[in-house]
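Notes for the structure review
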Amino acid sequence: MAKAKVKKDEPTAAEPASDVVMDEAPTSHQPEAADDGMSVDANENEDDIEEEEDEEEEEEEVQRVRLLPGSTPTAASFEFLNEGHTLGNALRYIIMKNPEVEFCAYAIPHPSENKMNVRIQTFEGTTAIEALQKGLRDLQELCDVVTDKFIDARERFVAASSS
Amino acid sequence: MPHKPPTKEELERRKTVGIHEETVTNVSANDFPMNYPGEDHSWDIEAFKRNFRVEFHQNDPFEASFSLVGCDASIANAFRRIMIADIPTLAVETVFINNNTSVIQDEVLAHRLGLIPFKGGREGLHKFLKWWRRPADESQINNSYYDFNTVLLRLDVRCEHNEDAAPGETDPTKLYKHAHVYARDIEFCPVGRQSRYFSGDDVIAPVHPDILIAKLRPGQEISLTMHMHKGVGSDHAKFSPVATASYRLMPVIQIERPILGADAEKFARCFPRGVIGLEPVTKEEASRKGSGYEGHEGELKAVVVDPMRDTVSRECLRHEEFKGKVKLGRRRDHFIFLVESTGQWESDAIFLEAVAHLKKRAQDLEKQVINMVR
Amino acid sequence: MSREEYQVPNTGSGNSPAIGGGSFNAGQRDFSGESGGGVIYYICGDCAVRVPLERDTPIRCQKCGARVLYKERTKRMVQFEAR
């Protein structure tokens, strides 16, 4: 879809910044706020910009995890914003590996909205929130193991193929 | 009754997805706690470390193939999805057209330019360049382009008659000058510190210089400037660092009863070359009672040589002679990844970045959960 | 707005609604042919020659006499998102 803007003055080319305005965001594995900038329509965004500004004034992230109403300590539903099957399925798998968890499932209420719900029901030994936190920690450990093994395998392969 | 630990065959069976003529069985993962009484399948990082391994099959700069063995489909899929949609890449985002008298419409030309993949110095691309955010105040947009978030490119081509062409020449590339506009005609204009990171071999240039952008005739001209920004594939496919990233499960072929002689040759033809090999029956095998090889010493039998080359077309299930003799399946925890990069990232770097991205997401969410609880 | 009240747009009289926020540099010369003294070039339909025409001059190509003339592409810069 093409959007044409007729401008009288050519935008000044990228200038070197003597006083650099650095975003706090790192270049890789971006926080979700970056998505907003890319998908905003060129023309009709006057109102939206004001809303964005109010929420992200201090460049802090919007709260992306919410406890849904009707949750008890051992049976809770969480709502994640800007998450989908990528994290949902992986998180569900890891949380299900926890023997204290009786039930864990994730669902995406509507594909047009970027929301994901996770329901965790635990036995009496632990709370749902603890299970969720353990799941997130286990996921990070898993990523570390994958990275290490991948780098080792690559080195072995490169060494084997060059010799 | 005390629970017996599962036998090796039972473990194999649990890990295999059965592939039959018209159905697929045993698809879902079953290694959850309380699924098998008496067995503990809870998450144990040490057990995972022991069982998980990575094997490389190919590691060219822009095409890598490797196997992840011992992880679950949800994790492998998460990596695949992140590789396609969440790794930041640099691509043309805005096109400022000063003149376009070619037959290609402005918007079509802009669309084509956005899809051209570019390469550049690794450090500059991944560390120096930051994200560009549209400023809240629209009038300040021209002040938001800095050397660390925007890359400037230019394309200026004018087509003219070529006086030196031979009379009667029909080839437009010889009759006219600059009749074809290729990606190599795009000039990179470094600004500020960009020349430090993007110079020499690291210059920002199209991965494929021979991409045809437009065709011109004398008198037609294309003159435009482009801004490149960082983006992710979930926003627009031009930002995806991979042509595609895919995985398949490792095929399993089990020959239950012997397949000999002409049948063995036909069996080998049911699979891609190299999957099935023919070996002569040894004396020792022929002497084994009940093996089915009695009296067939010296004949060629079918042997599974390299199941990884198999495309699981199930051709062998269509023939009567092999009924009951072969079982097809796939290993549920063995993922053969194929990562084809478009040229900006290297394939193995893309996978590592995907894993790091998942870790960072989990980390950020952990903080958010603590916030939520507070 | 009824047909009679319609007024031909003037030079530099403001942004057209489609632009929504793009700044208009009114200092640039923009003769849309209203005030006499601006020569606009048109392209002949038959021989593709650039034909200069002023206001109220008969519409004909100087070279080949064709009466179908096309307007040239605008000199203004146009911006597109590469999507």
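Since this is a predicted model, take the numbers as computed values, not measurements.

Quick look at the sheet that holds strand 2 (residues 50–53) of chain C now. Residue and element names in this part refer to chain C. Spatially, three strands are ordered 2-1-3 in an open sheet, and the strand pairing comes out antiparallel. The outermost strands of the open sheet, each flanked by one partner alone, are strand 2 and strand 3 (69–71). Averaged over all adjacent pairs, the angle separating strand axes in this sheet is 45 degrees, with direction ignored. Taken together, the four bridges between strand 1 (residues 40–44) and strand 2 define a ladder with antiparallel strand orientation. By the bridge assignment for strand 2, Y41 is matched with P52.

Our next topic: a negative patch on the surface. A cluster of acidic residues, E141 of chain A together with D40, D44 and E46 of chain B, forms a negative patch at the surface. On the secondary structure map, D44 of chain B appears in the loop between strand 2 (24–25) and helix 2 (45–51). On the basis of relative accessibility, which here comes to 36%, the residue D44 of chain B falls in the partly exposed class.

What follows covers the sheet that holds strand 5 (residues 115–122) of chain A. Residues and elements named next belong to chain A. With respect to topology, four strands assemble into an open sheet ordered 2-3-5-4, the strand pairing being antiparallel. The strands lining the two open edges of the sheet, one partner per strand, are strand 2 (65–67) and strand 4 (101–107). If you compare each strand with its neighbour and ignore which way they point, the axes differ by 20 degrees on average. Where strand 3 (residues 75–81) meets strand 5, seven bridges bridge the pair, whose relative direction is antiparallel. Looking at strand 5, one finds that L81 is bridged to K115.

Close approach of charged atoms lets side chains of opposite charge pair. In this structure the tally under the stated criterion is 39 salt bridges over all chains. The residue E284 of chain B makes a salt bridge to R288 of chain B at a minimum N-O spacing of 3.4 Å. Overall, E284 of chain B belongs to the exposed group, its relative accessible area being 51%. Relative accessible area serves as the criterion here: at 42%, R288 of chain B is assigned to the partly exposed category. One salt bridge connects R309 of chain B with D306 of chain B, and the closest N-O pair in it is separated by 3.6 Å. What emerges from the salt-bridge pattern is a single network uniting E93, D235 and K238 of chain B together with E81 and R83 of chain C.

Moving on, we get to the layout of surface pockets. Residue and element names in this part refer to chain B. Considered as a void within the structure, the largest pocket measures approximately 910 Å³ in volume. Where the lining of the largest pocket is concerned, the elements lending two or more residues are helix 1 (8–15), helix 2 and strand 18 (326–341). Looking at side-chain class alone, the lining of the largest pocket contains eight nonpolar, six polar and 14 charged residues.

About the thresholds
Residues numbered from 1 in each chain as written. Chains lettered and ligands numbered in written order. Predicted model: local features only at pLDDT ≥ 70, side-chain atom pairs only at ≥ 80, totals over all residues. Heavy atoms only, no water. Pairing = 2+ DSSP bridges. Helix = DSSP H or I, 4+ residues; strand = E, 2+ residues; numbered from the N terminus. Axes fitted to C-alpha atoms, helices over the stretch in contact; angles between N-to-C directions. Patch = residues over 30% accessible without salt bridge, like charges linked within 9 Å, V, L, I, M, F, W, Y side chains within 5 Å. Areas by Shrake-Rupley, 256 points an atom, 1.4 Å probe, with all protein chains shown as cover. Salt bridge = Lys/Arg side-chain N within 4 Å of Asp/Glu carboxyl O. Lys, Arg positive; Asp, Glu negative; His and termini not counted. Charge placed at Lys NZ, Arg CZ, Asp CG, Glu CD. Buried < 20%, exposed > 50% of the residue type's maximum accessible area, 1.4 Å probe, protein only. 1 Å grid on protein atoms, 1.4 Å probe; cavity = no way out; pocket = protein on both sides within 12 Å on 5 of 7 lines; lining within 4 Å. Points joined across faces, edges and corners; volume = space filled by probe spheres on them. Nonpolar A, V, L, I, M, F, W, Y, C, P; charged D, E, K, R; others polar.

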